[in-house]
Amino acid sequence: MLTLSKPNFIQESVPLKPHNSFRFQATAGYFAIIDRLESLELALKWANSNNISITMLGEGSNLLITGDIDGLVLINRLQGIEIEEVGDQVQLKVSAGENWHQLVSFTVEKGLAGIENLALIPGSVGASPVQNIGAYGVEVKDVLVSVQVMDRQDASLSWIEAKDCGFAYRDSHFKGAWSERYFITAVCLALSRQHELKLSYGGLAKGLPNDPSLQQVFDEVCAVRAAKLPDPKVIGNAGSFFKNPIVSNNLYQKILDEHPDVVAFSIDDSNWKLAAAWLIDKAGWKGFSRDGVGVYEKQALCLVNHGADQAECLLRLERDLKSDIKLKFGVILEREPVQLGCLPSF
Ligand code: EPU
């Protein structure tokens, strides 16, 4: 393949601290902010012809950067929202670099229901299918029609239907096998003017009047989240650091015998989903702090960075927390954010 010369919008040796919500320091070998599909194509062709790997980031709010990234880091800032009436649905084609919360706010203003429970989730629209973002009984897969991708081999664009994306709890093919194959460039969502609101999760309905409006649900979700989740602009974090673990009936019964207050949800005849926050809280870690990192004082599922420069301290905390939870409950916690960069050894 012909070796292409570097487009001048690609910079060298750029610090990534402003581009990850944990605010850990690391350096990108090459770096560019992408606001047009043409630039993405140029960057891709240059990197492919020089055998340089590419990492695409949105707002870096579900990331754990544990070391420098030698290849090219692209920040997706593709903008644009198109609205189309399709039967009784309203479909929105949204470019991947739009901010997720601003999109939710925009849809609520327009009277479109479907993603109001996902208000105030940090990050970009393009990141939403990767981990199938979810909150208060709604996941993005519930309203997703398709995802537009650029193929990393030949820069071709295509739409993949939602049913083919392998969506599961905090998971999709984009988080796994497809991370090396595609960039997400846009999503298509189907929303509705008929307000079928989902209020059954946890305490959501408690703070609302009977028959609430879309705006009231949005406001309540924002209030509940702001009260217990750390604002990444103020304190470094990546939302829930662990997934809620799914355990067998046997293990659930064993934990229940010892702890009648365990918080768990039945998944099917043989499995239960446990509240990881409850396990961490019960084990005494909530509010724990060490070496500049810690467990958030108002929500035990969030690990936070109070001022550490590198992720190493957080990895040590994760290791100790996981082994304590394994010892106390027999449960193995699984990390939720995506890890990038080489692993420091300890
Ligand atoms: N709990 C505790 N201690 C705590 C916090 C919670 O014991 O410090 C118990 C409470 O009894 C509560 C239960 O754990 O009933 C569950 O807590 P919560 O409702 O806050 O939800 P979560 O399971 O901890 C999940 C998502 C969040 C999402 C909320 C609301 C995951 C990994 N996390 O958290 O998503 O906002 O439900 O739907 O599924 C994220 O993914 O980054 C995220 C924040």
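Since this is a predicted model, take the numbers as computed values, not measurements.

## Looking at the domain arrangement of the protein
Here's step 1: With domains assigned, the protein is organised as domain 1 (11-76), domain 2 (81-228) and domain 3 (236-340).
Here's step 2: When domain 1 packs against domain 2, the two sides together hide about 1,200 Å² of surface, and 59% of this comes from carbon and sulfur.
Here's step 3: When the area that domain 1 buries against domain 2 is broken down by residue, the three leading residues are Leu44, Glu59 and Asn76, summing to 38%.
Here's step 4: At the boundary of domain 1 with domain 2, the tally comes to zero salt bridges.

## Overview of the site of the ligand
Here's step 1: Close contacts around the ligand come from 22 residues, with Tyr136, Tyr169, Ser240, Asp281 and Lys286 the closest.
Here's step 2: Contacts to the ligand include Lys228, whose side-chain N or O atom sits 3.1 Å from an oxygen atom.
Here's step 3: One nitrogen or oxygen atom from the main chain of Ser240 is found 2.8 Å from an oxygen atom belonging to the ligand.
Here's step 4: If the ligand stood free it would expose 820 Å²; the protein chains cover 82% of that surface.
Here's step 5: Elements supplying a minimum of two residues to the shell around the ligand: strand E8 (134-135), helix H3 (214-228), strand E13 (236-240) and helix H5 (276-282).
Here's step 6: Across the shell around the ligand, the residue classes tally to 11 nonpolar, five polar and six charged.
Here's step 7: Each of two domains, domain 2 (81-228) and domain 3 (236-340), supplies a minimum of three residues to the shell around the ligand.

## A short note on the pairing of strand E19 (residues 302-305)
Here's step 1: Side chains Cys302 and Val304 project from E19 onto one buried face, and the interleaved Leu303 and Asn305 project onto a second face that is buried too.
Here's step 2: Note: strand E18 (residues 293-295) against E19, three bridges, orientation antiparallel. For Val293, the partnering residue across the bridge sits in E19 and is Asn305.

## Remarks on the side chain of Glu318
Here's step 1: With respect to the helices, strands and loops of the structure, Glu318 is situated in helix H6 (residues 312-329).
Here's step 2: For Glu318, the side chain forms a polar contact with the side chain of Arg335, separated by 2.7 Å.
Here's step 3: Setting aside residues no more than four positions away along its own chain, Glu318 makes contact with Phe241, Phe242 and Arg335.

## Topic: the environment of Pro245
Here's step 1: On the secondary structure map, Pro245 appears in the loop between E13 and strand E14 (246-248).
Here's step 2: Linking Pro245 and Ala264, residues 19 residues apart in sequence, is a C-alpha distance of 9.7 Å.

## Structural notes on the packing of aromatic side chains
Here's step 1: Under the defined criterion, the tally for this structure stands at 10 aromatic pairs.
Here's step 2: A centroid spacing of 5.5 Å and a plane angle of 90° characterise the contact between Tyr136 and Tyr201, whose relative ring orientation is edge-to-face. Note that Tyr136 is positioned in the loop between E8 and strand E9 (138-139) and Tyr201 in the loop between strand E12 (182-192) and H3, a separation of 65 residues in sequence.
Here's step 3: By the ring-pair criterion, three or more aromatic residues cluster together here, those being Phe22, Phe24, Phe241 and Phe242.

Reading the values: rules and limits
Numbering of residues begins from 1 in every chain and follows the order in which that chain's sequence is written. With pLDDT at 70 or above as the cut-off, local features in this predicted model cover only qualifying residues; side-chain atom pairs require 80 or more to be listed or tallied, and sums for whole chains, interfaces and linings still use all residues. Values shown for side chains rest on all heavy atoms present in the structure; no hydrogens or waters enter the calculation. Segment limits for the domains were obtained from an automatic or database-derived domain assignment. Once two parts are put together, the accessible area they lose, assessed with a 1.4 Å probe and summed over both, is termed the buried area. Salt bridges are defined as contacts in which a side-chain nitrogen from Lys or Arg sits within 4 Å of a carboxyl oxygen from Asp or Glu. Put simply, a residue is near a molecule or strand once any heavy atom of it comes within 4 Å of that molecule or strand. Pairing of N or O atoms within 3.5 Å defines a polar contact, subject to two protein rules: one partner must be a possible hydrogen donor and the other a possible acceptor, and residues neighboring in sequence count only if both atoms are side-chain atoms. Here the accessible surface of atoms and residues is derived via Shrake-Rupley with a 1.4 Å probe, and residues count as covered only by protein chains that are part of the display. Labels follow the DSSP assignment, with helices taken as runs of H or I lasting at least four residues and strands as runs of E lasting at least two, numbered in each case from the N terminus. Each residue receives one of three labels: charged for Asp, Glu, Lys and Arg, nonpolar for Ala, Val, Leu, Ile, Met, Phe, Trp, Tyr, Cys and Pro, and polar for the others, Gly being one of them. Only protein chains enter the accessibility calculation, which uses a 1.4 Å probe. A residue is then buried if its area is under 20% of the maximum for its type, exposed if over 50%, and partly exposed in between. When DSSP finds at least two bridges between two strands, those strands are taken to pair. Throughout, a contact is declared for two residues whenever any of their heavy atoms are within 4.5 Å. Paired rings are identified among Phe, Tyr and Trp, the last through its six-membered ring, by centres lying within 6.5 Å, and are further divided according to the angle between planes into stacked (under 30 degrees), edge-to-face (over 60) and tilted (the rest).

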